[in-house]
Amino acid sequence: MSRRCSTRCAGSSTSAPPSSRRRARRSSSPTSATRTPSDRSRSPSPQVVALCQAPFLLDDPNVGLLFPADAIARAKHYLSLAPGGLGAYSDSRGIPGIRKEVADFIQRRDGYPSDPELIYLTDGASKGVMQMLNAIIRNERDGILVPVPQYPLYSAAISLFGGSLVPYYLEEEANWGLDFVNIRQTVAEARSKGITVRAMVIINPGNPTGQCLSEENIKELLQFCYHENLALLADEVYQQNIYQDERPFISARKVLFDMGPPLSKEVQLVSFHTVSKGFWGECGQRGGYFEMTNLPPKTVDEIYKVASIALSPNVPGQIFMGVMVNPPKPGDISYLKFAAESKSILESMRRRARMMTDGFNSCRNVMCNFTEGAMYSFPQIRLPPRAIEAAKRAGKVPDVFYCLKLLEATGISTVPGSGFGQKEGVFHLRTTILPAEEDFPAIMSSFKKFNDSFMEQYESYSRM
Ligand SMILES: Cc1ncc(COP(=O)(O)O)c(C=O)c1O
């Protein structure tokens, strides 16, 4: 698929069948339903960054013909925050004025004040996650609880830093929720093997599972972290991508503060966000942040020291983050266009989530929880025993076998569930909901046709 990696960076993508592949390739970004590359140059963040990159344009008498007045004002504002311009290093934690904008955004979102000194800007959320895991892991006996299925950043980074991944299974039957009876048992088993479990990761909304955790589940999670003395790493990069109204996104931080003391004063929480997702989809710009809650000041100082090794996060990415957390407001010249565009993108993604889930659930031996948020569907494929045997004979993991057959027959590219981890003997595939909306009927019908014939082949073979 094209330019944007919002699809690929998360593992890979769903692409359209051959007939529509060329069109889908043109428009595969999360914003693809409405935005082309030329549209992007008119959306607020690239305009502001363009002016910051080329500040001489601000002195051009024609600048007002090319850029709206609010983008010009915002570019001047960021240049005043970064007096050395975009070509100079910034504070290792990020430009203070932009960290203040992030803190204001968090306060508006959660209803509780946020301290810019505890917010670090990063080159995408990935770098922040890596900084935190690096700070937490001391040796191979330090364990991190990671959801399975999981986005592979966590397994890869834990392995790189020499820690131990302690997997906990999300409950597919409970809408990929957290089951603390099982998680408690997992922790006890890890401890009995000499692992010091130090932190727990959640991904909410989930990749690859697409669920939004309920407030109740997050409360249980925080109680659990409190009692087990675990730091919580809350990966909330998909917080803007919500496709239903029953379970809106609620940040772990808000639930923590709503719960009050002693938890709100003691549970150590690090929350991550990015410019890569939402309706922005600016994943190549590498803007992100993490916010630390209840971390001891000495730990914060150490994390600052480690961040300083890399001198500074990239400055244009920081400005993207500033515009994301502080987008055009009512009364700004760009506001109506921005509001219409972002609404239209999110509405299209909501329709695509529904079409994809319904499409999978109409297929034989396929069962899919609704994509409540994020950008993915993760259907379970009940493979007939003969298909599993055929996969073994072909030297392939069964879900890889199925995904390859699907690719060969239709051109639809998906990621086998085994790439994210899954329970023994259960098989999935992951798709994104990002192909162009108009391609969905063709994609889902092509998938159904393939799946019918695959099941027919291996089920009737089983009956022989
Ligand atoms: C759950 C999750 N966390 C983090 C990231 C990394 O995001 P970024 O582009 O901000 O590094 C991704 C990317 O797909 C993701 O799916």
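See the structure printed just above.
Throughout this document, residue positions are counted from 1 along each chain, in the order its sequence is written. Selection of residues for local features in this predicted model requires a pLDDT of at least 70, selection of side-chain atom pairs for listing and counting requires 80 or more, and totals for whole chains, interfaces and linings are taken over all residues.

Peer 1: So what about unusual backbone geometry? Which residues, and what values?
Peer 2: Omega for the peptide link from N204 to P205 comes to -10°, which places this bond in the cis form. Secondary structure elements are defined from DSSP: runs of H or I of at least 4 residues count as helices, runs of E of at least 2 residues count as strands, and each element is numbered from the N terminus. Checked against the element boundaries, P205 lands in the loop between strand 4 (196-203) and helix 10 (215-228). Cis geometry marks the peptide bond from N207 to P208; its omega dihedral reads 10°. Its identity is not glycine, yet N229 carries a phi of approximately 55°, on the positive side. Tracing the chain through its elements places N229 in the loop between helix 10 and strand 5 (231-235). Even without being a glycine, L311 presents a positive backbone phi close to 65°. With respect to the secondary-structure elements, L311 resides in the loop between helix 13 (297-309) and helix 14 (315-325). Classification of L311 by C-beta neighbours within 10 Å gives exposed; the count is 10. Three exposure classes are used. Buried residues have 20 or more other C-beta atoms within 10 Å of their own C-beta, exposed residues have 12 or fewer, and partly exposed residues fall in between, all C-beta atoms being placed from the backbone.

Peer 1: Any chance you could break down the nonpolar core for me, citing the residues and the numbers?
Peer 2: Buried Ala, Val, Leu, Ile, Met, Phe, Trp, Tyr and Cys residues form a nonpolar core when they are connected through C-beta atoms within 7 Å. Ranked by size, the top nonpolar core spans 95 residues in total, and within it I144 and L232 carry the most contacts. The leading source of residues in this core is helix 14, at 7 residues. In this view, L232 contacts M200, I202, C225, A252, V267 and L269; residues no more than four positions away in its chain are not counted. Counting 17 residues, the second-largest nonpolar core is a separate cluster that includes I381, Y402, F447 and Y458. A pair of residues counts as a contact when their C-beta atoms, built from backbone coordinates, are separated by no more than 7 Å.

Peer 1: I'd like a description of the sheet that holds strand 2 (residues 142-148), backed by residues and values.
Peer 2: Strands sit in the order 1-7-6-5-4-2-3 across an open sheet of 7 strands; the sheet is mixed. Two strands lie at the open edges of the sheet, namely strand 1 (119-122) and strand 3 (164-169), each paired on one side alone. Sheet twist, expressed as the mean angle between neighbouring strand axes with direction ignored, is 20°. Here, strands pair whenever DSSP counts at least two bridges between them. Of the strand pairs in this sheet, strand 4 and strand 5 are connected by 5 bridges, and their pairing is parallel. Looking at the pairing, I203 lines up with D235 of strand 5. Between N-to-C directions, angles cover 0 to 180 degrees, with each direction set by a line fitted to C-alpha atoms, over the stretch in contact for helices. Lying on the sheet, helix 11 (residues 252-259) is in contact with strand 5, strand 6 (269-274) and strand 7 (288-293); it crosses strand 6 at an angle near 145°.

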